[in-house]
Amino acid sequence: MDRYAKQRLFLGREADGALRTKRVAVLGLGALGSVIAPWLARAGVGHLTLIDRDLVEASNLQRQLLYGEADLGRPKAEVAAQRLAEANSTIDLRPVVADLTSGNARELLSGFDLICDGTDNFEARFLINDVAILTGTPWIYAGAIGGEGLVWPLNPPRTPCLRCLLEEPPAGGDVDTCDSAGVLGPAVGVIGSWAALEALKILTGRAPHADLARFDFWEDERQFLSPPRTRCRFCTERITEFLDARWSLKASPLCGLEGVQIRVNPPARLDLDALKTRLELRTRGPWKRAGLMLKGQEGPDEITLFADGRALVHGPMSPERARSWYTEVVGC
Ligand SMILES: [Zn+2]
């Protein structure tokens, strides 16, 4: 039994063998990670660390190919590791159920040949970018929304970094999220497969594509943007503001009450009217705008959003889930 025969025929013995020695972190095991991680596992990448903070929910099953109905309520990282071990028992798999923050990003993402972004939020991507700048690790930005997506391999300082293009995460409420725009499963599937393909190039010593390529599969549009020509001070001077928590999204339990407080630093300027529309669509109930506040109900939780980006959640929601909710809805 030679499981890699077809791949070796294409890559050559040396490049194929190199994959067995590589260590890759896949951060986020939602729709993108569900495609990226299995391709890398089946290709025989020697070690995969699988990081995700969430549990499998019913609304994931439309596009997150690693999970089935029997997995509802289980940690995604653990289910993913189990599925991948079924596909390839010869590689080393390490599930990590954790929420990536400025406090643990360096520890969680160090010691890899490549970091694959399977997240849905900018906070995580700017943290990955900081770790990449600090440790010289290549990473692949991948994102999909609606019927479109983009893949951008980065390896600062040899290539520009994320901040060369986008100095800071977009203001909350300014960008579409899967929650506001929805997403088609096959579109994420193409983007995830493409990211995995670029990963195989990087891991076998071949240059990945350099353009910022964006495809809209639904509208049949393709854009190839040249990467930024000038380098930002963050990657040239190795300034890691996100790891240093000068920018952060923190969730902490409320003292003496069942609930969570979310704080963003620096303070945001949320468009509460746009968020009101988005939240009413999501929760199918009214949200009340009062001055610099927006208040409503999401399941059993009563949520208050403030224009400066703060949020108060009264109810059973955990701090980890509150951060997921916030990035899904507000989109930073
Ligand atoms: Zn830069």
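Description of the structure in this document. The model shown is predicted, which means the values in this text are computed figures rather than measured ones.

**Topic: the pattern of salt bridges**
At step 1: Inspection of the entire model under this criterion finds 21 salt bridges.
At step 2: For Asp-99, the salt bridge goes to Arg-53, with nearest N and O atoms at 2.8 Å. Of this pair, Asp-99 sits in the loop between β3 (92-97) and α5 (105-109) while Arg-53 sits in the loop between β2 (47-52) and α4 (76-87); the two residues are 46 residues apart in sequence, bridging distant segments of the chain. For the pair formed by Asp-99 and Arg-53, the shared burial category is buried.

**Description of the packing of aromatic side chains**
To describe a pair of aromatic rings, one takes the distance between the centres and the angle between the planes.
At step 1: Using the criterion set out here, one finds 6 aromatic pairs in the structure.
At step 2: Judged by centre distance (6.1 Å) and plane angle (40 degrees), the rings of Trp-139 and Tyr-141 are tilted. When sorted by exposure, Trp-139 lands in the same class as Tyr-141, which is buried.
At step 3: Across from the ring centre of Tyr-141, 4.5 Å away, lies the NZ or CZ of Arg-125, which sits over that ring.
At step 4: Positioned above the aromatic ring of Phe-234 is the side chain of Arg-163, whose terminal nitrogen or guanidinium carbon lies 3.6 Å from the ring centre.

About the criteria used
Residues numbered from 1 in each chain as written. Predicted model: local features only at pLDDT ≥ 70, side-chain atom pairs only at ≥ 80, totals over all residues. Heavy atoms only, no water. Salt bridge = Lys/Arg side-chain N within 4 Å of Asp/Glu carboxyl O. Helix = DSSP H or I, 4+ residues; strand = E, 2+ residues; numbered from the N terminus. Buried < 20%, exposed > 50% of the residue type's maximum accessible area, 1.4 Å probe, protein only. Phe/Tyr/Trp six-rings, centres within 6.5 Å; stacked < 30°, edge-to-face > 60°. Lys NZ or Arg CZ within 6 Å of the ring centre and 35° of its normal.

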